[in-house]
Amino acid sequence: MTAATTTSAPADDSAAAENALYIGIDLGTSRSSIASATGVRKTLESYVGWPKDAVSLKHLGGQEIVFGKTALDNRLSLDLYRPLAVGVIDNQEGSRNLEAARELINHLVEMVEPGRGESLFGVVGVPSEASGKNKEDIIECTKGILDSVMIVTEPFCVAYGMDRIADVLVVDIGAGTTDLCRMHGTVPTMEDQVSLPIAGDAVDKKLMELINKKFPNAQVTINMIKRLKEKFGYVHTAKDKIEVEFPVDGKPTMHDVTDVVREACTILVDPIVESIHKLISTFDPEFQDKLRQNIILSGGGGLMDGLNKAIEDKLDRVGGASVTVVEEPMYAGANGALQLALDMPADYWQQLK
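Along the chain, the position of threonine 177 falls in the loop between β10 (166–173) and β11 (178–184). Taking the relative accessible area as the measure of exposure, threonine 177 reaches 13% and is therefore buried. Polar contacts involving the side chain of threonine 177 include one to the side chain of aspartate 179, which spans 3.0 Å. Those residues in contact with threonine 177 that lie beyond four places of it in its chain are Val86, Gly87, Pro127, Asp172, Ser195, Leu196 and Ala199.

Further remarks concern the state of the cysteines. Under the counting rule described, the total for this entry stands at zero disulfides. A disulfide-free cysteine, cysteine 157 has its sulfur positioned 9.9 Å from the sulfur of cysteine 181, the nearest such atom.

Here the focus is the environment of valine 158. Tracing the sequence through the fold places valine 158 in helix α6 (residues 154–161). In this structure, the C-alpha to C-alpha distance between valine 158 and glutamate 312, residues 154 residues apart in sequence, is 21 Å. Apart from the residues within four sequence positions on either side, valine 158 is in contact with Val170, Asp172, Ser298, Val326, Ala332 and Gly333.

Counting across every chain of the model gives 12 salt bridges. Note that arginine 31 is salt-bridged to glutamate 45, the shortest N-O span being 3.4 Å. Here arginine 31 is found in strand β3 (residues 31–36), whereas its partner glutamate 45 is found in strand β4 (residues 41–45), with 14 residues between them in sequence. Of the residues examined, arginine 31 reaches a relative accessible area of 31% and is grouped as partly exposed. Across the pair lysine 226 and glutamate 230 runs a salt bridge whose closest N-O atoms are separated by 3.3 Å. Of this pair, lysine 226 and glutamate 230 both sit in helix α8 (residues 222–232), four residues apart, which is roughly one turn of the helix. On the basis of relative accessibility, which here comes to 12%, the residue lysine 226 falls in the buried class.

So, about unusual backbone geometry. The phi dihedral of aspartate 163 is positive, around 60°, even though this residue is not glycine. With respect to the secondary-structure elements, aspartate 163 resides in the loop between α6 and β10. By relative accessible area, aspartate 163 is classed as exposed at 63%. Phi is positive for glutamate 328, close to 50°, though the residue is something other than glycine. Along the chain, glutamate 328 falls in the loop between β16 (323–325) and α13 (332–343).

To continue, consider the nonpolar core. The biggest cluster of nonpolar side chains holds 44 residues, and the ones touching the most others in it are Ile211, Val257 and Ile276. A total of six residues in this core trace back to one element, the largest contributor, which is helix α10 (residues 269–281). Not counting chain neighbours up to four residues away, the residues in contact with isoleucine 276 comprise Leu169, Val171, Leu180, Ile295, Ile311 and Leu315. One finds Ile25, Trp50, Val112 and Leu146 within the second-largest nonpolar core, a separate group that totals 28 residues.

Residue-level pLDDT values for the chain average 88, and 91% of them are 70 or greater. Residue range residues 4–12 is modelled with pLDDT below 50. Its contacts to residues more than four positions away, or to other chains, number 25 contacts.

Moving on: the sheet that holds strand β6 (residues 66–67). Within the open sheet, the three strands sit side by side as β6-β5-β7. Their pairing is antiparallel. Edge positions in the sheet fall to β6 and β7 (78–81), since each of these pairs with one other strand and no more. Here helix α4 (residues 97–111) sits on the sheet and contacts β5 (48–51), β6 and β7; the angle it forms with β5, its principal contact strand, is near 110°.

Attention now goes to the sheet that holds strand β15 (residues 295–298). Taken together, five strands build an open sheet; the order of strands is β12-β11-β10-β15-β16 and the sheet is mixed. One side of each edge strand has no neighbouring strand; the edge strands of this open sheet are β12 (193–196) and β16. Between one strand and the next, the sheet's axes are offset by a mean angle of 20°, whatever the strand orientation. Two elements, β15 and β16, share three bridges in a ladder whose sense is parallel. When the sheet's bridge partners are listed, isoleucine 296 is paired in β16 with threonine 324. Here α10 sits on the sheet in contact with β10, β11, β12 and β15, set at roughly 25° to β11.

Attention shifts here to the packing of α10 against helix α12 (residues 307–315). Put simply, α10 and α12 touch, their axes get as near as 10 Å, and they point 55° apart. In this view, α10 runs oblique relative to α12, as classed from their interaxial angle. As for the relative orientation of α10 and α12, their crossing is right-handed in sense. For the pair α10 and α12, the contacting residues are Val269, Asp270, Ile272, Val273 and Ile276 in the first and Leu307, Ala310, Ile311, Lys314 and Leu315 in the second. Within the contact of α10 with α12, the residues separate by chemical class into eight nonpolar, no polar and two charged.

Of the two faces of β15, the one holding Ile295 and Leu297 and the one holding Ile296 and Ser298 are both buried throughout. The pairing of β10 with β15 spans four bridges and is classified as parallel. Along β15, the bridge assignment pairs aspartate 172 with serine 298. After leaving β15, the chain enters α12 and then returns to the sheet as β16, a path that is right-handed.

Conventions and cut-offs
Residues numbered from 1 in each chain as written. Predicted model: local features only at pLDDT ≥ 70, side-chain atom pairs only at ≥ 80, totals over all residues. Heavy atoms only, no water. Helix = DSSP H or I, 4+ residues; strand = E, 2+ residues; numbered from the N terminus. Buried < 20%, exposed > 50% of the residue type's maximum accessible area, 1.4 Å probe, protein only. Polar contact = N/O pair within 3.5 Å; in protein donor to acceptor, adjacent residues only side chain to side chain. Contact = heavy atoms within 4.5 Å. Disulfide = S-S within 2.5 Å. Salt bridge = Lys/Arg side-chain N within 4 Å of Asp/Glu carboxyl O. Core = buried A, V, L, I, M, F, W, Y, C linked by side-chain atoms within 4.5 Å. pLDDT = per-residue confidence, 0-100. Pairing = 2+ DSSP bridges. Axes fitted to C-alpha atoms, helices over the stretch in contact; angles between N-to-C directions. Parallel < 35°, antiparallel > 145°, perpendicular 65-115°, else oblique. Left-handed = near helix turned anticlockwise from the far one by under 90°. Nonpolar A, V, L, I, M, F, W, Y, C, P; charged D, E, K, R; others polar. Right-handed = clockwise from strand over helix to strand, strands pointing away.

Laid out in C-alpha cells, this is it:
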C-alpha cells in the first residue's frame, strides 16, 4: 500500500482497536493540526524550544520545553527547532530534530486530552514523496505515544476527508513542499503523486530578497516576512495598496510592498501548473477531463488570494480547468487523517507495542 506504511496487526489487537481513541495528525512544516474522534481539534505552529540557560528557564516560568507561538515569541531565549523544516524530519547527526518532532507529536496528542490508559490509534499525514526512511523516522517518533500508527500522504488525507476519492486532483501547499495527488477510487501509487520543493518557505525567501533589494535600509526578519505573506499574499487580481511598517535605523517607517508581495507569491504558479498538467496528461485519457474539472487547493498556501484563478488562467493553454479551494484548510489534512483512522480495518495498522 503505497500511500501508507502498514504491517499486519496481531489478531488480539482487534479488541484494542474497537476501544481505542482514533486521532488524525497533519504534521506540517509550518503548522501542525490534530483532530480526535471525541470532536477535539487543535493546531499550533511546528516549533519546539528548549531554554538556553538557567536565566531562560526562569524567564519561561520553569517550563523546560515550549511549543508553537510561545516558542516563536521567546526564540531569543531558546534553542529553537523547526523539526520538519524541509518537509520531513531533518535527522542529521548532532541535530535534535528527531527529539523535537517526538515532543511535538506528544504535545499535539496531549492537547486532545486522551483518557488515562486509553489506546491511541493515529494516522499521520506526510509529504507525497516522503521516503521509506522519512516514514520510519516518524514511526519512531510516535513510539510510546501512539499504540498503532498509519503513515499516509497529506493530499490523500485531504481528498479522503472530503469523500472525494475518485476523479479529483489535490494540490496541498504547505511551507516546505507542495504535494499533488490524483485520486481514482483506490490507494494512489507513486505515479499518482508529485512533491515540489517550492512552497510557502520559498515564497518567504523570495519576498525577503525582493524587499531587501527594493528597501535596502529596512530592517526585516524572516518571521516578519512570513506574517506579511500570510496576511497579504496574493497573485492574481489587482489589490489595494499594501503598506507595512518596517524599522529603518530603529525608526518605524511605512513601505509600499504591493508589487513585491505579488511577485514573490507568483513563483508558486508555474511549477504547480506544470505538475498538474503532468498528472493529467499521464492519466487514463477517458478520465482526464473529469480530473481537469476537479482540482482542489489545500494547505496554507491554498488561501493565497487569487491563486486558484491564476492556476486556471495558465491551464487554459492546455485545455482549461476548474480549481477550487478546500473548506477549512487549517484542518483539512487532520480531518481526513481522522476519517481514515475511523474507516481502516485492523490489518492496516503499524503496531508500536
